[in-house]
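Chain by chain, the residues run as shown.
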Amino acid sequence: MAASKDPRPCSIADALALVGEKYSLLVLREVCLGNGRFDQLVRNIGAPRDILAARLRRLVEAGILTKRMYSERPQRFEYRATRAGLELEPVLTTLREWGDRHLRKGTDLPMVVEHSCGNPLVSQVTCRACGEAVRHEDLTARPQAPGWTLSGPATA
């Protein structure tokens with residue numbers, strides 16, 4: 001069998017096709033912080049207005065954000081996260097923590113997020129079945145896409 005010209009089927013790639021565009025996760029960051037008005041988004045993200053408008057349209061079409069009118073004259077809208085959008089908040093948290101550790105080296109942190117208990121949030125991925133913290137060495141990937149193995153396309 002010749003090598004596949006198509007990349008590995010992957011939910012990560014599918015998600016990145018939607019939220020991996022420049023500014024998309026920053027839009028979600030701002031909306032999760034309560035800043036869903038267009039002018040707030042422009043100011044806080046620094047995106048060009050036309051590009052930001054395109055990202056917002058795409059996120060609304062994908063069901064990640066909803067758009068709600070807050071002023072009729074002039075007509076103005078604000079954006080809010082849907083359930084699917086809020087499910088991306090742990091991704092934002094993990095990216096922020098990674099950036100704090102590896103890019104800022106734990107100094108001059110631009111934001112600290114506190115849990116309702118009053119302590120700074122330190123997220124941790126756990127197994128829902130057993131409750132243990134997830135470590136790379138405890139994981140086993142099992143490809144489910146037909147014709148694919150861990151190392152790539154299956155050969156005849």
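As the structure is a prediction and not an experimental result, all values here were calculated from the model.

## As for the overall build of the protein chain
Secondary structure summary: the protein chain contains 6 helices and 4 strands in total. The secondary structure elements of the protein chain, listed N-terminal to C-terminal, are α-α-α-α-β-β-α-α-β-β. Scaling as 2.2 N^0.38, a compact globule of 156 residues should have a C-alpha radius of gyration of about 15 Å, whereas the protein chain reaches 20 Å, well beyond that. Seen through its principal axes, the protein chain has C-alpha atoms that stretch 65 × 40 × 30 Å. The 156 residues of the protein chain split such that 22% are buried.

## Thoughts on helix H3 (residues 38-45)
Along H3, the residues that are buried comprise Phe-38, Leu-41, Val-42 and Ile-45. Looking straight down H3, one finds that the buried residues subtend no more than 100° of arc, so they occupy a single side. On its buried face, H3 sits against helix H2 (24-32), helix H4 (49-61) and strand E2 (75-81). Residue Gly-46 follows H3 closely and has a positive phi angle near 80°.

## So, the pairing of strand E1 (residues 65-72)
The side chains of a regular strand alternate between both faces of the sheet. Bridge count for E1 against E2 is 7 bridges, and the pairing is antiparallel. Among the inter-strand pairings, Leu-65 is bridged to a residue of E2, identified as Ala-81. Connecting E1 to the next strand, E2, in antiparallel fashion are 2 residues.

## Examining the environment of Gly-147
Its place among the elements puts Gly-147 in the loop between helix H6 (89-102) and strand E3 (148-149). C-alpha of Gly-147 to C-alpha of Arg-55: the two residues are 92 residues apart in sequence and 34 Å apart in space. Here Gly-147 is in contact with Gly-152, Pro-153 and Ala-154, once residues within four sequence places are set aside.

The rules we used
Residues numbered from 1 in each chain as written. Predicted model: local features only at pLDDT ≥ 70, side-chain atom pairs only at ≥ 80, totals over all residues. Heavy atoms only, no water. Helix = DSSP H or I, 4+ residues; strand = E, 2+ residues; numbered from the N terminus. Rg over C-alpha atoms; globule rule 2.2 N^0.38 Å. Buried < 20%, exposed > 50% of the residue type's maximum accessible area, 1.4 Å probe, protein only. Arc of directions from axis to C-beta. Contact = heavy atoms within 4.5 Å. Pairing = 2+ DSSP bridges.

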